[in-house]
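# Geometric and topological summary
Below, each chain spelled out in residue letters.
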Amino acid sequence: MINAKAFQPDNLDISNIGDLYATNHRWLVGWLYQKLGCSFDAADLAQDTFIKIAHLGNMSTIKTPRAYLTTTATRLMIDLVRKRNIEQHYLEALCLSQAHDFVASPQQIKEAVETLNEIAALLEGLPEKVYRAFLMCRLDGLSYAQIANELGVSTSMVKQYIARAMMHCYQAAYQPSAA
Amino acid sequence: MHQHTMPIFEKNTIEKSIVEKAIDWHLHLHTEETTPADNIAFEAWYQQNPEHLLAYNRLENMWGKFSDVDHAAAKAGLEAVLKSGNPTKTIARHGRSVALGLVFLISTYSAMQSQPALVWLAENKTPIGAQRSITLDDGSILMLNTNTALDVEYSNHQRLIKLYQGEVFITVAKDKTRPLIIATQHGTARALGTQFNVRLIEDSENSTQVAVVESTVETCTTPSLLSIPLLNSHKKTCITLQAGQGTRYTSNQMETASNINAEAIAGWSTGTLAIDNQPLPMVLAELQRYSMAQITFNENALANMRVSGVLPLSNIKQSLDILSGKLPIQVSEPQDNVIAISLR
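In this report, we go over the structure that sits alongside the text. (Residues numbered from 1 in each chain as written. Chains lettered and ligands numbered in written order. Predicted model: local features only at pLDDT ≥ 70, side-chain atom pairs only at ≥ 80, totals over all residues. Heavy atoms only, no water.)

### A word on the interface of chain B and chain A
In this complex, chain B contributes 56 residues to the contact, which on the side of chain A involves 47 residues. Carbon and sulfur atoms make up 71% of the area that chain B and chain A hide from each other, which totals about 5,300 Å². Counting the contacts that link chain B with chain A gives 3 salt bridges. Between Lys65 of chain B and Glu118 of chain A there is a salt bridge whose closest N-O contact spans 3.1 Å. At the surface where chain B touches chain A, the tally comes to 9 residue pairs in polar contact (both at pLDDT 80 or more). Within the residue set of the side of chain B that touches chain A, elements represented by two or more residues are α1 (16-31), α3 (50-64), α4 (71-82), α5 (87-94), α6 (96-113) and α7 (115-121) of chain B. (Contact = heavy atoms within 4.5 Å. Buried area = accessible area lost by both parts, 1.4 Å probe. Salt bridge = Lys/Arg side-chain N within 4 Å of Asp/Glu carboxyl O. Polar contact = N/O pair within 3.5 Å; in protein donor to acceptor, adjacent residues only side chain to side chain. Helix = DSSP H or I, 4+ residues; strand = E, 2+ residues; numbered from the N terminus.)

Here it is, written out as structure tokens:
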């Protein structure tokens, strides 16, 4: 959660972030505490919020610091909730799965959940058939014909779906829109 | 051959048509049958322009992410969060205005998770044995019983009281433009009229109890949000209570309205506990709510004794003495902060 390396980022503007932190850190922890009901989560997310903002460099353009902080913190909360959700289902499925070729270590599981969280963020916003087609192709290794059968569409539609999913992910990853 | 180590966030924006072509090639090479001629054509395209190379490598990067995860489990995890109705998906579509909706969901969600934290942070609290009366901005009078914690959130469209622990009795001021709602983790009690009692009962069942003294109250369950993917599968249940009626509810179940002695239930707000033929252990458990000192007794030994009457809540020791006057029991203080009730 708190990554020690993050405390030495390249473009950290120490002077400005110091004031923002001093004035607002306790308030933000309290605000997050109200939302999450867990002191550890609230402390972690507050730190992550300041770190994320610190990377922007120039603090002077922020007119309403608390609104800015809560907007950033909310995005991190969404991410946390989604990640916990993925983790819960991933672990359940691992337990239930028939394939016991290997036993995943906690570290492997943590990395898998991080990866899946990234992927989920990229796939978000796609209609159900589109992301299902993509996942059936990439994760189940099904052919277009098999996917077409499953979804009740033509094979050419399946290829279009998968291409659309990949474009959607590409744009989410490499052309992030202004928030 | 093809690199797999490109960092994700690069500044170059590549033209959409190039990305589309790269996707076309990528899918062809990864999911369809290819001929040697295909491979030659691909290499030519790949080397033709640095942007072709970059776009393709980025796709390889994305595609490769799935390699280190258990595929079946990954599918379960991803489908769970991507299903329609999921709050994070709604965020992606609607942007900022739904952020507020999600934050509300999260705060209700966290209410399910950690009552102790909410109790700790509450703005209005009473310690054990104390009672307090607050006059709210609209003129409503809110009485807090022993060991109670709540927050008051009045806004333009509603008058909300979040009860995290304990018991309140409220006399609601009339305001047709804003309903007054008392919410607990189990559900809501909404006032259409004037006087009712809400109690969070923390026993093995953990439920909320409402008793209406005057006019009408609508109570609704709030289905548990602990499993966000199952958001759509829980519906709320509502009933309407008239004066003299009460109910108990958990987040998943609402009891049908029953006739109760609402004045007796709300009697604590006048400093008294009215008891009508209750077993002694139950009365002692109720008195414990108001006592910092631990009241100890052998439940089996006292189970057959019944109590009727009115006891003062401001002085628990006095109440216990009154009981020992009516029943064959004795009250002693074997040590500091312990009161022992035993057979005489």
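Resuming the write-up.
### Focus: the layout of surface pockets
Residue and element names in this part refer to chain B. Looking at the second largest pocket, its volume works out to about 750 Å³. Put simply, the parts of the chain that give the lining of the second largest pocket at least two residues each are β9 (195-201), β10 (207-214), β13 (245-249), α8 (262-265), β15 (272-279) and α9 (280-288). When residues in the lining of the second largest pocket are grouped by element, the largest group, 5 residues, is from β15. Here the lining of the second largest pocket is built from residues that sort into 13 nonpolar, 6 polar and 8 charged. (1 Å grid on protein atoms, 1.4 Å probe; cavity = no way out; pocket = protein on both sides within 12 Å on 5 of 7 lines; lining within 4 Å. Points joined across faces, edges and corners; volume = space filled by probe spheres on them. Nonpolar A, V, L, I, M, F, W, Y, C, P; charged D, E, K, R; others polar.)

### Some words on the pattern of salt bridges
In this structure the tally under the stated criterion is 17 salt bridges over all chains. Between Lys75 of chain B and Asp140 of chain A there is a salt bridge, with its nearest N and O atoms 2.9 Å apart. Of the two residues, Lys75 of chain B is situated in helix α4 and Asp140 of chain A in the loop between α5 (128-138) and α6 (144-151); the pairing between them involves two chains. The closest approach of N and O atoms between Glu333 of chain B and Lys317 of chain B, which form a salt bridge, is 3.7 Å. One end of the pair, Glu333 of chain B, is in strand β18 (residues 329-335); the other, Lys317 of chain B, is in helix α11 (residues 316-326), with 16 residues separating them in the sequence. Its relative accessible area of 52% is what places Glu333 of chain B among the exposed residues. Within the structure, one salt-bridge network assembled from shared partners comprises Glu167, Arg199, Glu286 and Arg289 of chain B. (Buried < 20%, exposed > 50% of the residue type's maximum accessible area, 1.4 Å probe, protein only.)

### A short note on the side chain of Asp41 of chain A
As for its position among the elements, Asp41 of chain A is in helix α2 (residues 39-54). Beyond its immediate sequence surroundings of up to four residues, Asp41 of chain A is in contact with Leu36, Leu80 and Arg84 of chain A.

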